[in-house]
Amino acid sequence: MALTIASREVDGVTVLDLGGRITLGEGSVQLREAIRDLISKGSKSILLNLSDVNYIDSSGLGELVSAFTTSKNQGASLKLLGLTKKVKDVLQLTKLYTVFDIYDDEASAIASYK
Amino acid sequence: MSEPTAGRLTLQLASTMESVSEIESAAEKMASAAGFDEDETFHITMAVREAAVNAVLHGNEYDPAKKVTAIFEDDGTSLVFKVSDEGKGLDPDSLPDPLAAENLLRGTGRGIFLIRSFMDEVNFRQLHPGTELTLVKHRPQTGASA
């Protein structure tokens, strides 16, 4: 049930494959630390793959927003990939769908950084 | 600590994230048993979870001396979820609009908005000390009840 995070590199883009729930507490903290770690290592292109995220609460939404603004402030670009219906619905409801660059397929997402 | 009776469940719990999970799980079971479909059950469960998070985090601020109380009731036409804390109190009118352009990039402030979006009725009551949120979801009209 907890959030899982796996990192990989694709054509210079750091892809974080997330799974489970992004919620208040452990999930949000894990995501925050992962983003901070990437930024501190100089990553400029970050893609959050949410294909296996089946739940996000208001705190998780806040964490996504913080990840976005932190990245932007550090000169990095953070985008989202593969929203499940539940996550997409919540992002649309809260108008955050208009904030993020969101992609359905990984190839298009990776190409967008070039 | 739970006290189930016909159509009614009372939980009085510590101000912890484990309590949030317990309240969330109980709400999901009740919504599902009442005949709500998967999407509606998800929305109800999420709203009740957000109310529980508010009570534990913003209301009681994880204070071990303060309890969170959840009272769930199925009156035959609606599900009524009451979640209360023993905190400083919450003025719902003071909450900023999370959809306003200047608030879109804020890291907080979406919980009550989600609750209002997913439920049919939402009411706040000041308890002195604390706040009680009442969330109401009308049952689907199927022409027959269990």
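The structure displayed is predicted, hence computed values, not measured ones.

How each quantity is defined
- Residues numbered from 1 in each chain as written.
- Chains lettered and ligands numbered in written order.
- Predicted model: local features only at pLDDT ≥ 70, side-chain atom pairs only at ≥ 80, totals over all residues.
- Helix = DSSP H or I, 4+ residues; strand = E, 2+ residues; numbered from the N terminus.
- Rg over C-alpha atoms; globule rule 2.2 N^0.38 Å.
- Contact = placed C-beta atoms within 7 Å.
- Pairing = 2+ DSSP bridges.
- Axes fitted to C-alpha atoms, helices over the stretch in contact; angles between N-to-C directions.
- Parallel < 35°, antiparallel > 145°, perpendicular 65-115°, else oblique.
- Nonpolar A, V, L, I, M, F, W, Y, C, P; charged D, E, K, R; others polar.
- Left-handed = near helix turned anticlockwise from the far one by under 90°.
- pLDDT = per-residue confidence, 0-100.

**Here we look at the overall build of chain B**
Inference 1: Counting its secondary structure elements, chain B contains three helices and six strands.
Inference 2: Written out in order from the N terminus, the α and β elements of chain B read β-β-α-α-β-β-α-β-β.
Inference 3: The C-alpha radius of gyration computed for chain B amounts to 15 Å, which stays within 12% of the reference 15 Å derived for 146 residues, consistent with globular compactness.
Inference 4: Along the first, second and third principal axes, the C-alpha set of chain B runs to 45 × 40 × 25 Å.
Inference 5: Across chain B, the fraction of contacts at a sequence separation of at least 24, relative to all contacts at a separation of at least 6, is 63%.

**Structural notes on the pairing of strand 4 (residues 78-84) of chain B**
Residue and element names in this part refer to chain B.
Inference 1: The sheet contact formed by strand 3 (residues 67-74) and strand 4 spans six bridges and is antiparallel. Within the sheet, the bridge partner assigned to Ala 70 lies in strand 4 and is Val 83.
Inference 2: In this antiparallel pair of consecutive strands, strand 3 and strand 4, the connection spans three residues, and Gly 76 shows a positive phi of 100 degrees.
Inference 3: When strand 4 meets strand 6 (residues 131-138), the two strands line up antiparallel, connected through seven bridges. Within strand 6, the residue paired with Val 80 across the bridge is Val 136.

**What to know about the sheet that holds strand 4 (residues 77-81) of chain A**
In a beta sheet, neighbouring strands pair by backbone hydrogen bonds and run either parallel or antiparallel.
All names here are of chain A.
Inference 1: The five strands lie next to each other as 1-2-3-4-5, forming an open sheet whose pairing is mixed. What marks the edges here is a single partner per strand, and that holds for strand 1 (4-10) and strand 5 (102-103).
Inference 2: Contacting strand 2 (13-22), strand 3 (45-56) and strand 4, helix 2 (residues 58-73) runs over the sheet at an angle of about 140 degrees to strand 4.

**With respect to the packing of helix 1 (residues 26-40) of chain A against helix 2 of chain A**
The packing of two helices is summarised by the inter-axis angle and the distance between the axes.
Residue and element names in this part refer to chain A.
Inference 1: It is at 9 Å that the axes of helix 1 and helix 2 come closest, and there the two elements cross at 10 degrees. When the interaxial angle is binned, helix 1 and helix 2 end up roughly parallel. Note on element contacts: helix 2 touches helix 1 through Ser 59, Gly 60, Glu 63, Ser 66, Ala 67, Thr 70 and Ser 71, opposite Gly 27, Ser 28, Leu 31, Arg 32, Ile 35 and Ile 39.
Inference 2: In the contact of helix 1 with helix 2, the residues fall into four nonpolar, seven polar and two charged.

**Looking at the interface of chain B and chain A**
Inference 1: Contacts between the two partners involve 17 residues from chain B and, on the opposite side, 14 residues from chain A.
Inference 2: When residues of the side of chain B that touches chain A are traced back to their parent elements, those giving at least two are helix 2 (38-59) and helix 3 (111-118) of chain B.
Inference 3: In terms of residues, the side of chain B that touches chain A owes the most to one element, helix 2 of chain B, which gives six residues.
Inference 4: Along the lines of polarity and charge, the residues of the side of chain B that touches chain A split into 10 nonpolar, four polar and three charged.

**Comments concerning the packing of helix 1 (residues 17-33) of chain B against helix 2 of chain B**
All names here are of chain B.
Inference 1: Interaxial distance between helix 1 and helix 2 falls to 8 Å at its minimum, and their mutual angle equals 155 degrees. If you check the angle between helix 1 and helix 2, you find them roughly antiparallel. Note on packing geometry: the crossing formed by helix 1 with helix 2 is right-handed. Listed contacts from helix 2 to Met 17, Ser 19, Val 20, Ile 23, Glu 24, Ala 27, Glu 28, Ala 31 and Ser 32 of helix 1 are Glu 40, Thr 41, Ile 44, Thr 45, Val 48, Arg 49, Ala 52, Val 53 and Val 56.
Inference 2: Counted by class, the contact of helix 1 with helix 2 contains 10 nonpolar, four polar and four charged residues.

**Some words on the confidence of the model for chain B**
Inference 1: When pLDDT is averaged along chain B, the result is 92; 92% of the residues meet or exceed 70.
Inference 2: What the predictor reports for the complex is a pTM of 0.91 with an ipTM of 0.90.

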